[in-house]
Amino acid sequence: AQTIHQWPVAEIKAVGSPLSLGCTIKGKSSPNLYWYWQATGGTLQQLFYSITVGQVESVVQLNLSASRPKDDQFILSTEKLLLSHSGFYLCAWSLWGAGQNTLYFGAGTRLSVL
Amino acid sequence: QQQVRQSPQSLTVWEGETAILNCSYENSAFDYFPWYQQFPGEGPALLISILSVSNKKEDGRFTIFFNKREKKLSLHIADSQPGDSATYFCAARETGGNNKLTFGQGTVLSVIP
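Fair warning: this is a prediction, and the values are worked out from it, not measured in the lab.

Novice: An account of the overall build of chain B is requested, with residue identities and associated values reported.
Specialist: Summing up its helical and strand segments, chain B has 0 helices and 11 strands in all. If you list the helices and strands of chain B from N to C, you get β-β-β-β-β-β-β-β-β-β-β. The C-alpha radius of gyration computed for chain B amounts to 13 Å, which stays within 12% of the reference 13 Å derived for 113 residues, consistent with globular compactness. Dimensions of chain B along its principal axes, counting C-alpha atoms only, are 45 × 30 × 20 Å. Sequence separation of 24 or more characterises 54% of the internal contacts of chain B that already satisfy a separation of 6 or more.

Structure below.
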């Protein structure tokens, strides 16, 4: 069975400090990986996606970056947090190809920037 | 520009009633419409989905009605249960994209026992 694990569960950080969030997918080979951001009580916005190791596409500019160092790992980071970065960060995976439509989300990381 | 719109923003129904959640979209290239259910503090989970070639999809108490001409769809939850209380997101995927889903703003459903 496939599992998706996000870490940490929650973070409280100061404005201007660095951030690194992680996501690991087990049980699936070469999945598509995604980072989504959700404001409190808001909709989900795709930030990045990756179809293979070392390749990441940015969907929206939010002073964040993402990397895929391994097939099963996706990292979201920034060197300098802004207040606007607060929210719920969700990692997701899907399979590639016709009919492979479903996005599977992790449990998320709650980020509070103070 | 909000490409996927949901209404109402919040909905309260009694246990046993049918909850109707609405969704509309603008992009004719959208071909796949999943509905996600999200409980507080958790990631969204796929509930039910429909392709644009169909006009109805049923799965137990959950039914999607899809009207391609009007670019509208709705999620019907029959015999609503308190455990159905959650936020429901309508999403849409564009043909040939990166599997990117555009989400609506969500409908918060409360089912009163």
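Having seen the model, we can carry on.
Novice: Pulling in residues and values, what's your account of the sheet that holds strand S6 (residues 56-59) of chain B?
Specialist: Residue and element names in this part refer to chain B. Here 5 strands make up an open sheet; going across it, the order is S1-S3-S8-S7-S6 and the pairing antiparallel. Either end of the sheet is taken by a strand with one partner, and the two such strands are strand S1 (4-7) and S6. Between one strand axis and the next, the sheet turns through 15° on average, direction left out of account. Pairing geometry for strand S3 (residues 19-25) and strand S8 (residues 72-77), over 6 bridges, is antiparallel. If you follow Ser24 over to S8, its bridge partner there is Lys72.

Novice: Describe the interface of chain B and chain A, with residues and values.
Specialist: Contacts between chain B and chain A engage 19 residues on the former and 21 residues on the latter. Together, the buried faces of chain B and chain A total about 1,600 Å²; carbon and sulfur atoms form 52% of this surface. Counting across the chain B and chain A interface gives 0 salt bridges. Where chain B touches chain A, the interface holds 5 residue pairs in polar contact (both at pLDDT 80 or more). Elements represented by at least two residues in the side of chain B that touches chain A include exactly strand S4 (30-38), strand S5 (45-51), strand S9 (86-94) and strand S10 (101-103) of chain B. Per-element accounting of the side of chain B that touches chain A gives the leading share, 3 residues, to S4 of chain B. Classifying every residue of the side of chain B that touches chain A gives 8 nonpolar, 8 polar and 3 charged.

Novice: Residues and numbers for the side chain of Thr24 of chain A, please.
Specialist: Residue and element names in this part refer to chain A. Relative to the helices and strands, Thr24 resides in strand S3 (residues 19-26). By relative accessible area, which is 14% here, Thr24 ends up buried. Thr24 has contacts with Thr3, Ile4, His5, Trp7, Asp72 and Gln73, leaving out every residue within four places of it along the chain.

The rules behind each value
- All residue numbers refer to position in the chain's written sequence, counted from 1.
- For naming, the first written chain is A and the first written ligand is 1, with later ones following in the order written.
- Residues qualify for local features only when their pLDDT is at least 70, as the model is predicted, and side-chain atom pairs are given and counted only at 80 or more; totals for whole chains, interfaces and linings, by contrast, use all residues.
- Based on all heavy atoms of the structure, the side-chain values leave hydrogens and waters out of the count.
- Each helix is a run of DSSP H or I of at least 4 residues and each strand a run of E of at least 2, with the numbering of both proceeding from the N terminus.
- We compute the radius of gyration over the C-alpha atoms and compare it with the globule rule, which gives 2.2 Å times the number of residues raised to the power 0.38.
- In what follows, residue pairs with any heavy atoms lying within 4.5 Å of each other are defined as contacts.
- What makes two strands pair is DSSP finding at least two bridges between them.
- Note on geometry: axes are lines fitted to C-alpha atoms, helical ones only across the stretch in contact, with angles between N-to-C directions running from 0 to 180 degrees.
- Buried area counts how much accessible surface, traced with a 1.4 Å probe, disappears from two parts once they are put together, with both parts' losses summed.
- Should a side-chain nitrogen of Lys or Arg be within 4 Å of a carboxyl oxygen of Asp or Glu, the pair is scored as a salt bridge.
- Any N or O atom pair separated by 3.5 Å or less is treated as a polar contact, with the protein-specific requirement of one donor-capable and one acceptor-capable atom, and with residues adjacent in sequence counted only for side-chain atom pairs.
- We call Asp, Glu, Lys and Arg charged. Ala, Val, Leu, Ile, Met, Phe, Trp, Tyr, Cys and Pro are nonpolar, and the rest, Gly among them, are polar.
- Only protein chains enter the accessibility calculation, which uses a 1.4 Å probe; a residue is then buried when its area is under 20% of its type maximum, exposed when over 50%, and partly exposed in between.

From the geometry alone we can't say anything about function, so treat these as descriptive.
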